[in-house]
Amino acid sequence: MTILSYILLLGGYLSASQCSGDPEAIFRMDIGTINRAVSTVLNESDVLQKLVEGATEKRATTKPIKGIFVLKAMELCAMEVALWLSPGVGVSMTVPVRMTLMGKSFIGGKMEIPMAANLSTSSRMVQDMQGCPQLSTRRCHVALIHSWANLPHRMLPLIMSKFLDSTLQKVLQGLLCPAMAMVLDLVNAKFANMMRAIPLGNAGMLQYALLNPPVVRETFIQLELKATLHSKEGEEVALRSELPPLTSVPPKREAATQLILAASFLSAELSIMQAFFGLNITNGMVLGLVPLVTTMLGALIPAISSTLPPSRPVVIEMQETQPPLVTITPEKSTVHLFSTAKFWASSPGSAPGSLFILDVHSELGVRFAVTEERLQFSLTLHSLSHVTVVNSSIGAFNVLPLRGVLADIIHVAYVPSINRALRGGVPLPPLLGTPYRHVELRRMQDGLVLDVPVVES
């Protein structure tokens, strides 16, 4: 092998490797969404209550504070969280807290020491072994702002100087830093929930995972996701290779978390559902359907009139022969269906027999909407771009007169049945507990953009 051919072969390998590593979804979590998740954990969890209970337990390793006995922590509460992102690193936050330490002074009286402090932490954003984003604590520090006690004024210099200078700072550090570790564990559980396997009704399973380590910007964290789809038999559904990957993304809108789904991913989602698209269309099954009888077909295909008696029922068996294809441009979204339409009819006293089979390529417009944390599809027939005869028991015939009637049948009966099959929609990755409300949908080249406004907690 020459050096040139080796270089060309290596270049082809690298190019293929890069293509196989393109994301099927991109998640841009706004700082407001992350802040809301942390605040929700602090407000709704029992982290602080557990810490208060733990602080009141007597520990053999606890160093007594000179002049104070039976020390207990009471009324621990967190104020509003201040959070910011460190580009390329992770998340930093400051949480003002208020608490009261209670005990007995050496003179026998009850002592209360209300205080205020700032709890500050920094965490690195990493990717764990399971492909989940995770916050890993780098630093935790507690700064005492002020404190006061209900001791007689003449006793404050002796006791409080020692208390404030050393022991109180250590007590706060040992009490509050474990609180932040517990909070981050709960936030990480929300990240893990984003990557859990989600059932697609009876069709299969969907699971998201990080394709690359998280990227931290000034106002958002970007997650590039790989979406793995499995059929109900457990087999992985491959994405269509002919669709281009997501190569560029639009600017993120302010105060909104953004989810971008590749057209190739939506195609794979529909391919899982195509097993439910099959339909036998019979006469009178849908209001507005043309009469499916041999008389109607005979008016379009003369050979049928000479072969079968009039007014015999006709059944059209619709089946998908290839996976559906989704194409998206800034102007429109289209679903391409590749179907066979098998026409059946019978003579009196005989079993139904196949008249002919058509190969049909339909182009359908698709409208997207988000309801109940799922992306919904709504299809409408635009045109039949290709109709050919692939098999016929009545001889050759001109299919052109049949196209208009077939389009009406697909529009009135087949497409509504597909919409019913798609009613469950595509599960969207959870937004750290933020609901998908007031979502704005917009198209981009080869993908769909969902902008979710940041809501107040």
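Just so you know, these numbers come straight off a predicted model, no measurement behind them.

Novice: Looking at this structure, I do not really get the overall build of the chain. What am I missing?
Specialist: In terms of helices and strands, the chain carries eight helices and 20 strands. Across the 457 residues of the chain, 47% fall into the buried class. Counting only contacts in the chain whose residues sit at least 6 apart along the sequence, the fraction spanning at least 24 positions is 67%. As presented, the chain carries roughly 22,400 Å² of accessible surface, and 56% of it is formed by carbon and sulfur atoms.

Novice: I would appreciate a short explanation of the packing of aromatic side chains in the present structure.
Specialist: For any two aromatic rings, the description comes down to two numbers: the centre-to-centre distance and the angle of the planes. In total, this model carries four aromatic pairs according to the counting rule given. Taking 5.4 Å as the distance between ring centres and 65° as the angle between the ring planes, the aromatic pair formed by F368 and F377 counts as edge-to-face. Its relative accessible area of 8% is what places F377 among the buried residues. One aromatic cluster is present, built from ring pairs that chain together F343, F356 and F397.

Novice: Could you clarify how one ought to interpret the pairing of strand 17 (residues 374–392) in this entry?
Specialist: Within a regular strand, side chains alternate between the sheet's two faces. Looking at chain direction, strand 16 (residues 353–371) and strand 17 are connected through 16 bridges and run antiparallel. Its bridge partner being in strand 17, L364 is matched across the sheet by L381. Hairpin geometry of strand 16 and strand 17 is characterised by an intervening segment of two residues between the two adjacent antiparallel strands and by a positive phi of about 50° at E372. The pairing of strand 17 with strand 18 (residues 426–427) spans two bridges and is classified as antiparallel. Opposite R374, over in strand 18, you have P427 as the bridge partner.

Novice: Before we go on, may I ask you to explain the state of the cysteines in this structure?
Specialist: Applying the stated criterion across every chain yields a total of one disulfide. Sulfur-sulfur distance for the disulfide between C140 and C177 comes to 2.1 Å. Note on the C140 and C177 pair: the S-S dihedral is about -95°, so by sign convention the disulfide is left-handed. Placement of the pair is C140 in strand 6 (residues 133–147) and C177 in helix 4 (residues 156–194), with a sequence separation of 37 residues. Taking the relative accessible area as the measure of exposure, C177 reaches 16% and is therefore buried.

Novice: Please clarify how unusual backbone geometry should be interpreted in this entry.
Specialist: Only a minority of non-glycine residues have a phi that is not negative, and only a minority of peptide bonds are not trans. Phi angles above zero are rare outside glycine, and E372 is one such case at about 50°. A positive phi is found at E373, a non-glycine position, where the angle reads about 65°. Considering the arrangement of structural elements, one finds E373 in the loop between strand 16 and strand 17.

Novice: Could you clarify how one ought to interpret the pattern of salt bridges in this entry?
Specialist: Think of it this way: side chains of opposite charge can pair up when their charged atoms draw near. For the coordinates displayed, the defined rule picks out four salt bridges. Here K252 ties to D30 by a salt bridge, and the two come within 2.8 Å at their closest N and O atoms. You can see K252 sitting in the loop between strand 10 (220–231) and strand 11 (256–262) and its partner D30 sitting in strand 1 (residues 25–30), a full 222 residues away along the chain. On the basis of relative accessible area, K252 is assigned to the buried category, the value being 17%. Between R442 and D451 there is a salt bridge, with the nearest N and O atoms lying 2.6 Å from each other. Accessibility expressed as a relative area gives 4% for D451, which makes it buried.

Novice: What should I look at first to understand helix 5 (residues 263–273) in this one?
Specialist: Structural remark: α-helix, 3.6 residues per turn; residues separated by three or four positions point the same way. For helix 5, a buried count of 11 out of 11 residues is recorded, marking the element as mostly surrounded by other parts of the structure. Among the residues of helix 5, those classed as buried are A263, S264, F265, L266, S267, A268, E269, L270, S271, I272 and M273.

Novice: For this particular structure, what's the right way to read the nonpolar core?
Specialist: Generally speaking, nonpolar side chains in soluble globular proteins are found buried as a group. Formed by 124 residues in total, the largest nonpolar core has its most connected members in I281, F343, F356 and L358. Among the elements that line this core, the one with the most residues is helix 4, at 12 residues. Setting aside anything within four residues of it in sequence, one finds I281 in contact with L289, L292, V314, V315, I316, M318, I409, A413 and Y414. By size, the runner-up hydrophobic cluster in this structure holds six residues, among which are L246, I260, A262 and V449.

Novice: Explain the pairing of strand 11 to me, please; I cannot follow it from the model alone.
Specialist: In terms of residue burial, strand 11 counts as a mostly covered element, since seven of its seven residues are buried. Note: strand 1 against strand 11, four bridges, orientation antiparallel. Among the inter-strand pairings, A25 is bridged to a residue of strand 11, identified as L261.

Novice: Could you clarify how one ought to interpret the confidence of the model for the chain in this entry?
Specialist: Low-pLDDT stretches of the model should not have their predicted coordinates read in fine detail. The share of residues in the chain with pLDDT of 70 or more is 84%, and the mean pLDDT across the chain is 84. Note that pLDDT drops below 50 for residues 1–20; the model gives that stretch two contacts with residues more than four away or on any other chain.

Novice: Would you explain the side chain of D30 in this entry?
Specialist: Taking relative accessible area as the criterion, D30 reaches 6% and is therefore assigned buried. Within the structure, D30 has its side chain in polar contact with the backbone nitrogen of G32 (distance 2.8 Å). When near neighbours in sequence (up to four residues on either side) are disregarded, D30 contacts T219, F220, K252, A255, A256, T257 and V454.

Scoring rules and cut-offs
- Residues numbered from 1 in each chain as written.
- Predicted model: local features only at pLDDT ≥ 70, side-chain atom pairs only at ≥ 80, totals over all residues.
- Heavy atoms only, no water.
- Helix = DSSP H or I, 4+ residues; strand = E, 2+ residues; numbered from the N terminus.
- Buried < 20%, exposed > 50% of the residue type's maximum accessible area, 1.4 Å probe, protein only.
- Contact = heavy atoms within 4.5 Å.
- Areas by Shrake-Rupley, 256 points an atom, 1.4 Å probe, with all protein chains shown as cover.
- Phe/Tyr/Trp six-rings, centres within 6.5 Å; stacked < 30°, edge-to-face > 60°.
- Pairing = 2+ DSSP bridges.
- Disulfide = S-S within 2.5 Å.
- Salt bridge = Lys/Arg side-chain N within 4 Å of Asp/Glu carboxyl O.
- Core = buried A, V, L, I, M, F, W, Y, C linked by side-chain atoms within 4.5 Å.
- pLDDT = per-residue confidence, 0-100.
- Polar contact = N/O pair within 3.5 Å; in protein donor to acceptor, adjacent residues only side chain to side chain.

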